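# Results of the structural survey
Given next are the chains, with one letter for each unit.
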Amino acid sequence: MLRDPAQHRQSARHAARRSARRRSTRIVALGAAMVFTTSACGDALPDPEPGQNPSAYSGTLVSPDRIDFAIGKVEDIVSEEMDAAGIPGMAVAVVHGGEVALAEGFGVRDVFTGDEVTADTVFPLASVSKPVSATVVAAEIGRSAGSDGDKASDGADAGSDEADAGDQAGDEDGDEDGISWSTPVREHLPWFALSDPVVSERVTVGDLFSHRSGLPDHAGDDLEDLGYDRAAVLHGLRHLPLSEFRTSYAYTNFGLTAAAEAVAVSAGAPWEELAAERVFDPLGMDRTSYSHSDLLERENRVTPHVRQDAAASGETGEAGGTGESGGSWVPADPERNPDAQAPAGGLSSTVSDMATWMAMVLADGQGPGGSQVVASEPLREALTPQVVSSPPQAANDRTGSYGYGFNIGDTSSGRVQWSHSGAFAMGAATAMLMVPSLDLGIITLSNAAPVGAVEAVNARFADLAQYGDPAQDWGTLYREAISPLLDPVGDLVGERQPSDPAPSRPLYELTGTYRNDYFGTIEVRRAAEDELALAIGPESNRTVWPLEHWEDNVFAASPSAENFPAGSRGSVIFDDDDADTTVTLSLLDENGLGTFTRVGGEGGADGDA
């Protein structure tokens, strides 16, 4: 789902690390210090506005003409960034002074059909879903505080697996005390638990929306990638190790999703319906939804695209073009379905709709005609730093913070900036940026896997609006920082298979069912006479990983999915404990939960995989 590189100064090592990091919505942060040089030493500083809080003052004067100039340059910026990466399609919207100053599409929705992108083309937003979800929660908090009666609608269903989640969610009709950012999640989801019982009782909606619960980075994304639904993933979070509560930061799609579920149960409506009633309908956002099926039904929607190695495809870039990495863009197959984490990464929308939403946020929650769509107080809480998300790497670095669903930072001109990015390795990259002191916002969406282009568009626009000139070569910087997101992962990537490997134990001794509490059961099967395969995921939707013998009792698995970019390869190690036979999947062992123990008798799963 995703961090905003323009605000989070995470080290590049987080992107380059060759481990099975969760990449569904992760954006590597790039140093955001925009270099600003005054045009002449000793220039007069702008006068403070009458009654202005000193903390809101910026020593850089920005004239309306300069902002108009920046808006006029958007088309050129987009063209340059699209050409640099060969991206098939983009859409951009700019809001200023409460008005939509620009909303335009560029390129094509699909490299094969050639259908053009317009301002009303629907894109998956990935983790730009998070700030929108924060406004849904803020709207519900305001309604809850201002009304002791009517709930959104009946029939809340927070989802259920074989445990007790669904029983509670379906019967919940709301809560007389309503909801707030400080409401413990268990008040509305009593089945919800983390590995520490004290944290389980205390963790609030706000803790999970600000990623300070202590859950590990991208907790639960691995379960989603294996096909588990929302309820199963949320139940699985109780098995994960925790960092310090409220003093650590780790970005988690399913932590935020759990908080959104609690809000939905409090309101007495499914999340998708609550969002529409509280925010989308009042703002006239007719093409915005948290449902993947709604996205697929849109006639004017993009097709997600991924890179295809030019050498493998035999193409030279006619359809989608080729960027600096040397691969053409082709439609993703299958398309990413983020319904399990919809509040964190499942929103789809258009730049026209999102422009309306940005204008509302910049107007302190007011919609068209001055109606208060989102209550200003809980909205302002969401836009207030709640946790340090990007500690400075040097004494002169600015600190990056996270509010509730928003990245909060400062530009080099001393202005507050709200932002977020989103990305799917399977074909989406999005970025939003707002500067409230200028009443200015920009959103850029693309139908290609993340290459840094959407962030570069926004950063270049922000430079032009504030300074009249670019402060950095943002296109190059973001491409270099974000490209490692699509690198293959696993401990066997780049390793050469032994030329004369020692044989494994007889395959029939390795087959069978293995289990652990977090991932559930896996089945090691005979795929052919001399081959094994591993079936993993929910019983109704198993994913099969062919296993390649590597050395001794070590095999290799090479899955391809959102969290495992093409070329990923990790070890699968069978081991004999004194009491049990175990198998460890290195690709699933990031949190130390990748070891499975055989259940039942030895051997036995000899059927076809």
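First, a word on what this report is: a plain description of the structure on this page. All values derive from a computational prediction rather than experimental measurement. By convention here, each chain's residues receive numbers from 1 onward along its written sequence. Residues qualify for local features only when their pLDDT is at least 70, as the model is predicted, and side-chain atom pairs are given and counted only at 80 or more; totals for whole chains, interfaces and linings, by contrast, use all residues. The side-chain values count all of the structure's non-hydrogen atoms but skip hydrogen atoms and water molecules.

What follows covers the side chain of threonine 303. Put simply, DSSP H or I for four residues or longer makes a helix, DSSP E for two residues or longer makes a strand, and each gets a number counted from the N terminus. Considering the arrangement of structural elements, one finds threonine 303 in the loop between helix H12 (292-297) and strand S4 (305-309). Accessibility expressed as a relative area gives 14% for threonine 303, which makes it buried. Setting aside anything within four residues of it in sequence, one finds threonine 303 in contact with Arg109, Asp110, Pro331, Glu335 and Asn447. Classification of residues uses two cut-offs on accessible area relative to the type maximum, computed with a 1.4 Å probe and protein chains only: under 20% is buried, over 50% is exposed, and between them is partly exposed. Note on definitions: a residue-residue contact is assigned when non-hydrogen atoms from the two residues lie within 4.5 Å.

Before going further, it helps to spend a moment on the side chain of serine 200. Examined against the element boundaries, serine 200 turns out to sit in helix H6 (residues 197-202). What makes serine 200 buried here is its relative accessible area of 1%. One polar contact links the side chain of serine 200 to the main-chain amide nitrogen of leucine 194, over a distance of 2.8 Å. Among residues more than four places away in sequence, those in contact with serine 200 are Arg186, Ala193 and Leu194. In the analysis that follows, any N or O atom pair within 3.5 Å is treated as a polar contact, provided that within protein one partner can donate a hydrogen and the other can accept it, and provided that, for residues neighboring in sequence, both atoms belong to side chains.

In this section: the environment of leucine 256. Tracing the sequence through the fold places leucine 256 in helix H10 (residues 253-267). Since its relative accessible area comes to 0%, leucine 256 is described here as buried. Separated by 47 residues in sequence, leucine 256 and phenylalanine 209 have C-alpha atoms that sit 4.9 Å apart. Not counting the four nearest positions on each side in its chain, leucine 256 is found in contact with Lys130, Leu208, Phe209, His211, Pro343 and Ala344.

This next bit is on the sheet that holds strand S16 (residues 543-551). Strands are labelled as partners when DSSP assigns at least two bridges between them. Strands sit in the order S13-S14-S15-S16-S17-S18-S19-S20 around a closed barrel of eight strands; the barrel is antiparallel. The sheet shows a mean angle of 35° between the axes of neighbouring strands, taken without regard to direction. Pairing of strand S13 (residues 512-516) with strand S20 (residues 595-599), which is carried by three bridges, proceeds in the antiparallel orientation. Counted as the bridge partner of threonine 513 is valine 599 from S20. Here an angle of 0 to 180 degrees is reported between the N-to-C directions of two axes, which are lines fitted to C-alpha atoms, with helices fitted over the stretch in contact.

The subject of this paragraph is the sheet that holds strand S1 (residues 89-96). Sheet architecture is open: eight strands sit in the order S2-S1-S12-S11-S10-S9-S8-S7, paired in antiparallel fashion. Lying at the two open borders of the sheet, with one neighbouring strand each, are strand S2 (99-107) and strand S7 (387-390). Mean inter-strand twist for the sheet, computed between neighbouring axes without regard to direction, equals 20°. In the sheet, strand S9 (residues 407-410) pairs with strand S10 (residues 416-424) via four bridges, with the strands oriented antiparallel. The residue of S10 that forms the bridge with aspartate 410 is valine 416.

A word on the nonpolar core. Put simply, a nonpolar core is a bunch of buried Ala, Val, Leu, Ile, Met, Phe, Trp, Tyr and Cys residues held in one set by side-chain atoms that sit within 4.5 Å of each other. Formed by 105 residues in total, the largest nonpolar core has its most connected members in Trp181, Phe192, Trp357, Phe406 and Leu585. No other element matches H10, which puts 10 residues into this core. In contact with leucine 585, not counting residues within four places along its chain, are Ile522, Leu534, Ile536, Trp545, Ser571, Val572, Gly594 and Phe596. Listed in part, the 33 residues of the second largest apolar core include Ile77, Met90, Ala431 and Ala453.

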